Amino acid sequence: MNKIISSLTLFLLFATQASAMNHGVTGISIHNPWVRSAPANAPVLGVFMQINNKTNNAVKLLSADADGYKRVEIHRTLNDNGLMKMVKQPFAPISAGGKLQLKPGSWHIMLIKPDKVPSKGSMVAIKLEFDNGTMQTVHAEVKSGQKMPMNDNHGH
Ligand SMILES: [Cu+2]
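Residues numbered from 1 in each chain as written. Predicted model: local features only at pLDDT ≥ 70, side-chain atom pairs only at ≥ 80, totals over all residues. Heavy atoms only, no water.

1. Points about the coordination of the copper ion
Inclusion rule: Ligating atoms shown are N, O and S within 2.8 Å of the metal, or 3.2 Å for Na, K and Ca, and water is not included, meaning a site may look less than complete. Labels for metal geometry use angle windows, namely 85 to 135 degrees for all angles of a four-donor tetrahedral site, and for square planar (four donors) or octahedral (six donors) sites opposite donors over 155 degrees apart plus all others within 65 to 115; sites meeting none of these are irregular. Numbering of helices and strands runs from the N terminus, with a helix taken as a DSSP run of H or I at least four residues long and a strand as a DSSP run of E at least two residues long. Buried, partly exposed and exposed residues are distinguished by accessible area as a fraction of the type maximum, computed with a 1.4 Å probe on protein chains only: under 20%, between the cut-offs, and over 50%, respectively.
Looking at the copper ion, one finds its protein donor set to be His75 (ND1), Met86 (SD), His108 (NE2) and Met110 (SD), positioned 2.1 to 2.4 Å from the metal centre. Geometry at the copper ion is tetrahedral, judged from its 4 donor atoms and the angles of 88 to 123° they form at the metal. As a motif over one chain, the donors of the copper ion read H-x10-M-x21-H-x1-M. Placement of the pair is histidine 75 in strand E4 (residues 69–80) and methionine 86 in strand E5 (residues 83–89), with a sequence separation of 11 residues. Given a relative accessible area of 7%, histidine 75 falls into the buried group. By relative accessible area, methionine 86 is classed as partly exposed at 43%.

2. Section: the pairing of strand E2 (residues 44–53)
What counts is decided by this rule: We treat two strands as partners when DSSP finds at least two bridges between them.
Burial within E2 is extensive, with 9 of its 10 residues counted as buried. Sheet topology note: the strand E1 (residues 28–36)/E2 ladder contains 6 bridges and is antiparallel. Among the inter-strand pairings, tryptophan 34 is bridged to a residue of E2, identified as phenylalanine 48. When E2 meets strand E8 (residues 107–114), the two strands line up antiparallel, connected through 4 bridges. What sits directly across from leucine 45, in E8, is leucine 111. Where E2 and strand E7 (residues 99–102) come together, 4 bridges link them in antiparallel fashion. Note that in E7 the partner of asparagine 52 across the bridge is lysine 99.

3. Some remarks on the pattern of salt bridges
The line we're drawing: Salt-bridge detection follows one rule: a side-chain nitrogen of Lys or Arg within 4 Å of a carboxyl oxygen of Asp or Glu.
Across all of its chains, the model carries 3 salt bridges by this definition. Between lysine 88 and glutamate 73 there is a salt bridge, with its nearest N and O atoms 3.9 Å apart. Separated by 15 residues along the polypeptide, lysine 88 in strand E5 and glutamate 73 in strand E4 bring together distant segments of the chain. Salt bridges sharing common partners tie together Arg71, Glu73 and Lys88.

4. Things to note about the nonpolar core
Stated formally: What is meant by a nonpolar core is a set of buried Ala, Val, Leu, Ile, Met, Phe, Trp, Tyr and Cys residues, joined one to another through side-chain atoms within 4.5 Å. Any two residues having at least one pair of non-hydrogen atoms within 4.5 Å are treated as being in contact.
Ranked by size, the top nonpolar core spans 30 residues in total, and within it Ile126 and Leu128 carry the most contacts. Beyond its immediate sequence surroundings of up to four residues, leucine 128 is in contact with Ile30, Met49, Leu61, Ser63, Ala64, Ile109, Thr134, Met135, Gln136 and Val138.

Now the structure itself:
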């Protein structure tokens, strides 16, 4: 509990500083947000998108939230001695002037324990909170998992 309170305090400090500097110009943009469709009894759903940071400072995605889920977490799929597993992350970093690709097998947002699994073609509103004071709500379409936003490089 103490840890939660101190990280919240830290976040509020950063947010206050950042909004004082930025005057509401965030420089953060989200591209192609989507949710991987899942069976009606699925316990979790993955959310993917590209986050662009046009500011001169590194930015952290601190949290994501959506209505109708028990929890929403930032995850990264990591190779642990040949075993791929998802590990909860305290934040997702986006370098200064850079971008972060949330994609299957890598960084993603995890929607956990849905009240009801959203159907293909529907939209899920996801609130994103960054450490520079940016709050953004993106509308992610539920799509089939085969439609990857980028080619992956498994061929080499
Ligand atoms: Cu996950």
